[in-house]
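Architecture at a glance
Read off the chains here:
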Amino acid sequence: MSTPTALRVDSYADARPARRPLRWVAGVAGLVVLLLTLVSMAGNPAFEWDVVGQYLTADVVLDGLRVTLLLTAIALIGGFALGTVLAVMRLSGSRLLQAISWGYTWLFRSVPILVQLLFWYNISLVYPRLTVGVPFGPTILDLPTRGLINGFAAAVIGLTLHEAAHAAEIVRAGLLSVERSQTEAAQALGLSRPRTLWRIVLPQAMRAIVPPAANQAAALLKGTSVVSVIAGQDLLFSVQLIYNRNYLVIPLLLVATLWYLFFTTLLSVVQYLLERFFGRGSGRAGSAGPRLSLLAGEDR
Amino acid sequence: MSTAADELAVATGEPRTMVRLIQISKAFGDVAVLDRVDLTVPAGTVTCVVGPSGSGKSTLLRCVNRLERPDSGAVLIDGQPVGLIRRGNRVIEAPPRLLARHRTAVGMVFQALNLFPHLTVLENIVEAPVAVQRASRADARARARELLQRVGLAHKERSYPRELSGGEQQRVAIARALALRPKVMLFDEPTSALDPELVGEVLSVVRDLAAGGMTMLIVTHELRFAAEVADEIVFIDRGRIVEQGPPATMLGSPREERTARFFATIQQR
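Keep in mind the model is a prediction, meaning the values are calculated, not measured.

**Some words on the overall build of chain A**
A tally of helices and strands in chain A yields 13 helices and two strands. Relative to the compact-globule value of 19 Å for 300 residues, chain A shows a C-alpha radius of gyration of 27 Å, a clear excess of over 25%. Seen along its three principal axes, the alpha-carbon backbone of chain A occupies a region of about 105 × 70 × 25 Å. Relative to its 300 residues, chain A shows a buried fraction of 35%. Looking at chain A alone, contacts between residues at least 24 apart form 70% of all its contacts between residues at least 6 apart. Put simply, chain A shows about 18300 Å² of open surface, and 68% of that area lies on carbon and sulfur atoms. Separation of charge centres in chain A, based on 24 positive and 15 negative side chains, amounts to 8 Å.

Quick look at the structure:
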């Protein structure tokens, strides 16, 4: 009577992980498609890889690249600094500050970046002179706006203000993701509000902020290419300058693409490091860990 | 004319009042959670607040360090009102900076502990002394290590809270609250997050603190725990103190029928 039971228990002890044949098929199929694409790209003479190599580090291209990176860095840092202030305003107890923050986000998220750039570039039509002074009092400084706002300045202003609106929402989402009990614990310990925000809430919020912020940074890096319309001499503008002369459109677009690709890759590395840093203590410090195990399934 | 009791009080040094709640009221919407509560905790004693869930006992505790702002009334810690200042003839709310300073006289151990997950055990403890009391980092570290030694976690200072067991986390939370050298310790349901066999551990930590002269106010629903640590048990129901007394009297022969009924239902479980 006990024999069949014992047999079954034995067979449970031999339990093996399930095989997943479809996963292999899908993986191999994906690899084949990738390989075919690479072969066709390498073999197609229209890509003119020798031209790509020749222009990749040309002075004009590198100058454009420098403008693109500078614009991205300024707009990203300025945007997130302003965005953090806006997010804190939005979450403050003051109705007035909340409304101002909301209004800012509403406005700058609604206006297309292209429209904004054109507006700032042409600001001298609205405000011909820029003056610094006491309101209704003496003037300290009076300058023509046209001389101050060139293509680069207009791009910096437009991109930063645009970026801040998006950053505000990203930061606010991050701050909201931290439990209120953390703030209470800090208050009970007598920490001031700024200290609580800086030491307790923001570092924890960063876990939720970094991934969308990296998205935003990548979008911004490529988005700077719109400044070519106001004669901002960025990467795309520079390669356009070249192919308008020699008609080598595709290889020069590839030059730009390769540079964008390189810096978004670099960005991914930075993102990985930031996630690892801010994930400390969360039990998922190496963020590659859970990501890989998600791909591999929970059974491994 | 002096009575024998008065003479005794002078001779032994009548304990000064450490915590005093004066007419504390708090309503959430239409629900009165606390209704003109008066409570006094003498220095160096342990008071346990018991009562059914929703009776207002946690809110009472949170009013002591003003995490919950009472609608009216005041809390005095060693004679100092928490979060209130006098302006001429009127009492008004203190600015945030002053409230923060008042709060450092009160250590609190939360029900969910609320350790800072992104900081190590040592950093959790060092944060407040450095930020609030302007202690040097070295001094704060030395003091933190001493506290960790006392709760038996000296070897865990580099760990993150999540790497510790529930009991260890609680001891870190206690050490963190003690780092500011508070005059009073508040515990919100200290046994509820623990496995039953760890209750004895909390008990011994609380006893050690009591032996060191710490004044404590503890919210709990574990009557046995309360009976073991408390000098005074306060029974609260529907936002009012129903009765209070030493554990033996309260558990043995409560005056109020409501108290007896509550104790009976609790002990059945």
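**Things to note about the environment of A81 of chain A**
Mapped onto the elements of the fold, A81 of chain A is located in helix α4 (residues 59-90). Separated by 83 residues in the primary sequence, A81 of chain A and A164 of chain A place their C-alpha atoms 7.7 Å from one another.

**Some points on the packing of α4 of chain A against helix α5 (residues 95-110) of chain A**
All names here are of chain A. Across the interface, α4 lies against α5 with an axial gap of 7 Å and an inter-helix angle of 135 degrees. Classified by the angle between their axes, α4 and α5 sit oblique to one another. The handedness of the crossing between α4 and α5 comes out as left-handed. Note on element contacts: α5 touches α4 through L97, Q98, I100, S101, W102 and Y104, opposite L82, L86, M89 and R90. Along the lines of polarity and charge, the residues of the contact of α4 with α5 split into seven nonpolar, two polar and one charged.

**With respect to helix α2 (residues 57-64) of chain B**
All names here are of chain B. The element α2 is largely enclosed, with a buried count of seven among its eight residues. Regarding α2, the residues found buried are K57, T59, L60, L61, R62, C63 and V64. Once α2 finishes, R66 follows within two positions and takes phi at roughly 60 degrees, a positive value.

**So, the pattern of salt bridges**
Residues and elements named next belong to chain B. Scanning the entire structure with this criterion turns up 24 salt bridges over all chains. With a shortest N-O distance of 4.0 Å, D71 and K26 are connected by a salt bridge. With D71 in the loop between α2 and β4 (72-77) and K26 in strand β1 (residues 17-28), this pair connects stretches of sequence that are 45 residues apart. Linking D78 and K183 is a salt bridge whose minimum nitrogen-to-oxygen distance equals 3.1 Å. Taken together, the residues span a long stretch of sequence, with D78 in the loop between β4 and β5 (80-81) and K183 in the loop between α6 (166-178) and β9 (184-188) at a distance of 105 residues.

**As for the sheet that holds strand β10 (residues 215-219) of chain B**
All names here are of chain B. The six strands are arranged β8-β9-β10-β3-β11-β12 in an open sheet whose pairing can be described as mixed. Here the strands that pair on one side only, and so sit at the sheet edges, are β8 (106-109) and β12 (240-245). Strand-to-strand twist across the sheet, computed as the mean angle between neighbouring axes with direction ignored, equals 20 degrees. Where strand β11 (residues 232-237) meets β12, five bridges bridge the pair, whose relative direction is antiparallel. Following the sheet pairing, I236 is matched in β12 by I241.

**Considering the UniProt feature "domain: ABC transporter" (unreviewed entry) in chain B**
On the UniProt side, "domain: ABC transporter" (unreviewed entry) is annotated at positions that read residues 19-263 of chain B here. Annotated as 36% helix and 28% strand, the span residues 19-263 of chain B places its first and last C-alpha atoms 26 Å apart.

About the criteria used
- Residues numbered from 1 in each chain as written.
- Chains lettered and ligands numbered in written order.
- Predicted model: local features only at pLDDT ≥ 70, side-chain atom pairs only at ≥ 80, totals over all residues.
- Heavy atoms only, no water.
- Helix = DSSP H or I, 4+ residues; strand = E, 2+ residues; numbered from the N terminus.
- Rg over C-alpha atoms; globule rule 2.2 N^0.38 Å.
- Buried < 20%, exposed > 50% of the residue type's maximum accessible area, 1.4 Å probe, protein only.
- Contact = heavy atoms within 4.5 Å.
- Areas by Shrake-Rupley, 256 points an atom, 1.4 Å probe, with all protein chains shown as cover.
- Lys, Arg positive; Asp, Glu negative; His and termini not counted.
- Charge placed at Lys NZ, Arg CZ, Asp CG, Glu CD.
- Axes fitted to C-alpha atoms, helices over the stretch in contact; angles between N-to-C directions.
- Parallel < 35°, antiparallel > 145°, perpendicular 65-115°, else oblique.
- Left-handed = near helix turned anticlockwise from the far one by under 90°.
- Nonpolar A, V, L, I, M, F, W, Y, C, P; charged D, E, K, R; others polar.
- Salt bridge = Lys/Arg side-chain N within 4 Å of Asp/Glu carboxyl O.
- Pairing = 2+ DSSP bridges.
- UniProt positions renumbered as here; feature names shortened; annotations may be inferred.

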